[in-house]
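In case you want the letters, here they are:
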Amino acid sequence: MDNILEMRSITKTFPGVKALSEVSLAVARGEVHAICGENGAGKSTLMKVLSGVYPAGTYDGEIVFDGEVSRFSGIRDSEHAGIVIIHQELALVPYLSIAENIFLGNERRGRNGLIDWNKANAEAAALLDSVGLRENPTTPVGQLGVGKQQLVEIAKALSKDVKLLILDEPTAALNDTDSEHLLGLLRSLKERGITSIMISHKLNEITAIADSVTIIRDGQTVETLSLHAGEVTQDRIIRGMVGRDLESYYPERESHPGEEVLRVEDWSVKHPTQDRLVVDGASFSVRAGEVIGIAGLMGAGRTELAMSIFGRSYGRDVTGRIFMHGREVKARSVTEAIDNGIAYATEDRKKYGLNLIEDIRRNVSAAGLSKLARRGWVDGNEETKVAEDSRRSMNIKAPSVSSIVGKLSGGNQQKVVLSKWLFTDPDVLILDEPTRGIDVGAKYEIYTIINRLVAAGKAVVVISSELPELLGICDRIYTLSAGRITGELPVREATQENLMVLMTKDKELAA
Amino acid sequence: MTRTVPPSSEPEAQSATAQKDVAPAIAAGGEGSDFRSLFSRNLRTSGIYIAFVAIVALFAILTEGTSLSPGNITNIVLQYSYILVLAIGMVIVIIAGHIDLSVGSVVALTGAVSAVLVIRQGVPWWVGALAAIAVGLVVGAWHGFWVAYVGIPAFIVTLAGMLLFRGLTLQVLENISLSPFPSEYQKIASGFSNGLIGGNGYDAFTLLIGGVAVAGYAFSQFRTRQARTAYKQPVESFPLFVAKIVAVGLVVMAFAWQLANARGLPYVLVILAALILVYSVVTKRSVFGRQVYAIGGNLSAATLSGVKVKAVNFWIFVNMGFLSAVAGIIYSSRSNGAQPAAGEMFELDAIAAAFIGGAAVTGGVGTVVGAMVGGLIMAVMSNGMQLMGVDQSIQSVVKGLVLLLAVAFDVYNKRRAGSSR
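Residues numbered from 1 in each chain as written. Chains lettered and ligands numbered in written order. Predicted model: local features only at pLDDT ≥ 70, side-chain atom pairs only at ≥ 80, totals over all residues.

Draft legend 1. Highlighting the overall build of chain B. A count of helices and strands for chain B gives 18 helices and two strands. When contacts within chain B are restricted to residue pairs at least 6 apart in sequence, long-range pairs at least 24 apart make up 81% of them. (Helix = DSSP H or I, 4+ residues; strand = E, 2+ residues; numbered from the N terminus. Contact = placed C-beta atoms within 7 Å.)

Here it is as C-alpha cells:
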C-alpha cells in the first residue's frame, strides 16, 4: 500500500517527561486518517513533531513523507513539503480580509514587487468556491462565524498546494450544520487526492468519515484500526483509548428530587448592542437533588440565559424574576448571585473561568475569598488546606496545589473550576458545557462529581451541545430556541429526535 | 559574595527573598542536597536577585569599595527613596494590567502645592504635607474614575494626566521655582535620628532598630514555619531555616552598622521601610491584593468570580496618587523647594523598576519586593557610575541596556522553568 506518511518510532522527551515513546503512524495516500486519544495522550505533540514545531534533532525516530526521509527544521519547512496543520484555535487575523488572510505570509506579488490585489482576490474567490464558502474575499474575517472561519483556514491551506492536511479538533466549536459541511468538504478533498489527518474527540464523526483510526494512549500507539469493514464501533474505539471497557458513558444515579431551589420566571434579556431580545420570556425551575438540562442550538441563547441570571453578566434591560427556595431574590451583580447561592461555571474555562498563570490554590479560592478572610486579610494556610481538600476530593491530577493551572489538562482544569464554585457553597450550580474539550475518562469523572453534588442536595443546571450527554445525566430537559423555552421533557420521554424538533421550533410556533 | 551587602534593610519578611541568594553563600558547605535544590530552584525563579548581588559586587570592585562605604550607602537611600516609593504603587498598577505615565507630573504638582502653602503662605510644614497628600488622592481618583468607570485605557488616561498635571504645576508655581523650605520640612528627606541613645562614634539607636528588625523578621518567619507545619505543608530543613535567618540578620546588621557609622538612621528610610512592609503584606495577604492579581491574570474570570473590578481599579489608582504624593513630599523636601520641571522621567524609572523586578507586561505577575530590588539595581548602577565619573550619556546607554537584559534574563529563566515542568 502506498503510504504518503510514515512516522517511525518517534520518541520525544521533555525534561522529566516522556511525551511520546516509540510512536509509529502510517497514513495511506488519499485517506482520511483519524487520531484519537485522551487529552494528554500525546496527539498534539505528535503533530508538532510532524509539522516541525519541534524541529528535527529534538526527537528520536524517523519521518518519511512522500517517499523521502524528512527533517523539518520549522513550520515553513513542512509547509513547503506540503503539510499544513490547522489548529484548534484558529490562526486568522480578524481585521484582515479573507483574501489577505489566505495569502498572509504567501502574498501574491505583481511584477513590480507590490501585492497584486486583483490577482489575490480572484484567486481567493476561486479557493472559496472550492471549499463551498460563498463570501466576498474582501470581507473581514472577524465578521464570519467560526464555521466559516474554519473554511477560510482550509482555503488558506489549499492555496499552499497542500498534500497532507492536519486538522486539530476541527468541529469542536462548530454547530451541527457547519460540522456536516466541514465533513463533506473533507470527503471532497479526499476525492481530489488530498490526504487528511483529523484529531477528534467526536467518535461519531470519526466513524462517519475516517478510513482508518490510530489510537494513542499515554504517549504510545495502541493500534490502528481500519474503518472500512464497518465492524469498528464507537465503543471499540473508546476501549482502545481508555484501555478498559466503559460500562457506560454515564454513571448510574438514583433520582430523588426534593424542594424547589431555583425558579426563574419570565426572563428576558436584550443583546448588549443590538435592539433585539436574546432571551425572550424564559421560565424554568430546578429542585434540590435534580439535574436539569438546557438544550439548544448555537445562538439559541443558552449561555446568555445563564450569564444574565448570574449577576447580569450578559446583556442589558434584563427583566424577570428569580426565586431561590420560593423567595424572590435580587442578583444584580455577580457578588449578589454568589451570596444567594448561585454558581456559574463558564463554557470557556480558559478565557472566562481560570487565572491560568496562577496556581490551583488561588484559583480555587478566587470566588470565595471572603470566606477565607477576616477584616480583609486572607488566611493563606486555611486557603492551602481548602485547595488541598479539593485536590483530593476532586481527584485533580497535579503534584501539589501550587501547580500552575495553565499547565493542567482540560479535565483537571475543569475540576479546578468546579472546586472554585463548590467552595462558595452554592445551592444551585449552572454548568455551561462542563465537558467541552475534555477526554472520555475525565468526562466520566465530571459526571460522577455532578452525581455526588445532587446526592448532597444541590441543584444542577447543565447546558450542553451534546444531546447524548444531556440524556445521560439529566432528570429533565428544557429546550431553548431563539431565546424561548420551547419545551420541557422528563428524561424518560426525551430522545435526540424529539429534542431536536423542539430545539428547531421557530418563534411563531413556540408562541 | 559575603562581602556584597545590598543597601537594603527593609526589616520585613519579604526582604528574605531578596537575600535568599546571599544565604547559601554564607551557609555554604554543610547542607547537602536540600540546600542544593533550594539554590537551583532559586536560580530559576529569582534570577533578578542574583543579578542584583552581582551588580552590587561589580560596583564594589570597580569603585574599590567606595560604593559600600557608610556615606555612600546613606546617599543611595536618600537619593532614590522617592523612586522606590513610586515603584511600590507602580508595580501594583502593572500587576493589574495598567500603566501610569503621570507619576512624574503628580510628584511635581504635589510638591508644588506643598511649597506654595508652606513657603509662600507660611502654613506649618505638616499642613503642606497633608495638602500634598490630599491633592495626590484627588489626582488618583481622577485617573481611577476614567480608567475604571469610563473604561478608557490607563495608558491614555495617564498620558493625558502627564500633560494635564504638568500644566497645573506650572500654573500653581506661576512658572517659577520656590525655595527654601523651613528646616522641619527639609528634615523629611534629609533628617537622621542620631545620638538618641548615644554610642561611641556610631549611632547605637540605628543598631538597635536593626536588631529589632532582625528579631521581628526571625519571629515572623518562625511563626510562618509553625503555621505551615501545623497545616502539614512542606518546610525547609531546620538548619537551613536557621542559616537563612542568620544570613538575613548579618546582611541587615552590616547595613545598619554602615548607616550607624555615617549619619545614623535616615527618617526617609523609616518611611520607606514602613511602606514596603505594609504594601508587601497588602499585596500578598489582603483580599484587595488578591483581587489585583486576579484582575491582571484574567479579567473576565475575575469578573465572573465576583471581583468588583471597577472598584478595585479605582482604588489602585487612588493608591498610586497617594504614593505619588508621598514621593512628591520627599522629593520637594530633598531638593528643598519646588521646580516646574521636577519629577520629569520619574515615571519611567518607576516602570523600569517594576519590570526589572519581574512584573509582567501582560499583568498578573509581580511583587513589591521585586520592584524594590529592580529599583535598587537602577540606583546602585547610577550611583556607582557617578562615583566612577562616567559620562551622563554613557550612564543612560548602560541603564537602557540593563533594563533590556534584566528582563530578557528573567524571561529566559521563566521559559526554562516552564519547559521543565
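Still more ground to cover, so stick around.
Draft legend 2. Seen up close, the domain arrangement of chain A. Residue and element names in this part refer to chain A. For chain A, the assigned domains read domain 1 (3-242), domain 2 (255-341 + 427-511) and domain 3 (354-425). Of note, the centres of domain 1 and domain 2, computed from C-alpha atoms alone, are 35 Å apart. If you look at the interface, domain 1 gives eight residues, while domain 2 gives eight residues. By residue class, the composition of the side of domain 1 that touches domain 2 is four nonpolar, three polar and one charged. (Domains from an automatic or database assignment. Nonpolar A, V, L, I, M, F, W, Y, C, P; charged D, E, K, R; others polar.)

Draft legend 3. Up close: helix α4 (residues 117-130) of chain A. All names here are of chain A. A rise of 1.5 Å per residue sets the reference length of α4, with its 14 residues, at 20 Å; its end C-alpha atoms lie 20 Å apart and thus fit the reference within 8%. All of the buried residues in α4 are Ala-120, Asn-121, Ala-124, Leu-127 and Leu-128. Along the axis of α4, the buried positions cluster into a sector of 125 degrees, meaning they face one direction only. Of the residues in α4, the exposed ones pointing more than 90 degrees away from the buried face are Asn-118 and Asp-129. Summarising the contacts, the buried residues of α4 are in contact with α3 (98-102) and α5 (146-159). (Expected span 1.5 Å × (residues − 1). Buried ≥ 20, exposed ≤ 12 C-beta atoms within 10 Å, placed from the backbone. Arc of directions from axis to C-beta.)

Draft legend 4. Broad picture of the pairing of strand β11 (residues 260-270) of chain A. All names here are of chain A. Note that β11 and strand β12 (residues 277-287) share seven bridges and pair antiparallel. From the neighbouring strand, Val-264 faces β12, where its bridge partner is Phe-284. If you look at the hairpin formed by β11 and β12, you'll find six residues sitting between the two strands. Examined bridge by bridge, β11 and strand β14 (residues 316-324) share six bridges and lie antiparallel to one another. When the sheet's bridge partners are listed, Ser-268 is paired in β14 with Thr-319. (Pairing = 2+ DSSP bridges.)

Draft legend 5. Layout of the confidence of the model for chain B. All names here are of chain B. Mean pLDDT over chain B works out to 84, with 86% of the residues at or above the 70 mark. Counting interchain partners and residues more than four positions distant, the pLDDT-below-50 stretch residues 1-33 has 88 contacts. Per the prediction output, this complex has pTM 0.77; the corresponding ipTM is 0.77. (pLDDT = per-residue confidence, 0-100.)

Draft legend 6. Molecular detail of the interface of chain B and chain A. Taken together, the contact between chain B and chain A spans 25 residues of the former and 30 residues of the latter. Among the secondary structure elements, those contributing two or more residues to the side of chain B that touches chain A are α10 (204-230), α13 (287-297) and α14 (299-304) of chain B.

Draft legend 7. Region of the structure containing the sheet that holds strand β16 (residues 342-345) of chain A. Residues and elements named next belong to chain A. With mixed pairing, six strands are arranged side by side in an open sheet as β16-β19-β20-β13-β21-β22. Whereas interior strands pair on both sides, the edge strands pair on one side only; in this sheet they are β16 and β22 (484-490). Adjacent strand axes in the sheet meet at a mean angle of 20 degrees, parallel and antiparallel pairs treated alike. In terms of strand pairing, strand β13 (residues 291-296) meets strand β20 (residues 459-463) through four bridges, oriented parallel. Bridge assignment links Ile-292 to a residue of β20, and that residue is Val-461. Taken strand by strand, helix α16 (residues 440-455) contacts β13, β19 (428-432) and β20, and its axis lies near 150 degrees from that of β20. (Axes fitted to C-alpha atoms, helices over the stretch in contact; angles between N-to-C directions.)

Draft legend 8. Summary view of the nonpolar core. Val-85, Leu-86, Ala-87, Ile-88, Met-90, Val-91 and Ala-354 of chain B are the most contacted members of the largest nonpolar core, which has 205 residues in total. It is helix α5 (residues 70-95) of chain B that contributes the most residues to this core, 16 residues altogether. Three or more residues apiece are contributed to this core by two domains, here domain 2 (255-341 + 427-511) and domain 3 (354-425) of chain A. Here Leu-86 of chain B is in contact with Val-103, Leu-323, Ser-324, Ala-327, Phe-346 and Ala-350 of chain B, once residues within four sequence places are set aside. (Core = buried A, V, L, I, M, F, W, Y, C linked by C-beta atoms within 7 Å.)

Draft legend 9. View of unusual backbone geometry. The amide bond that connects Ser-179 of chain B to the next residue, Pro-180 of chain B, takes the cis arrangement and shows omega of -10 degrees. Looking at where Pro-180 of chain B falls in the secondary structure, it is placed in the loop between α8 (154-173) and α9 (183-190). For Arg-312 of chain A, which is not a glycine, the phi torsion comes out positive at approximately 50 degrees. Secondary-structure assignment places Arg-312 of chain A in the loop between α9 (302-309) and β14. Judged by local crowding, Arg-312 of chain A falls into the partly exposed class, with 17 C-beta atoms found within 10 Å.

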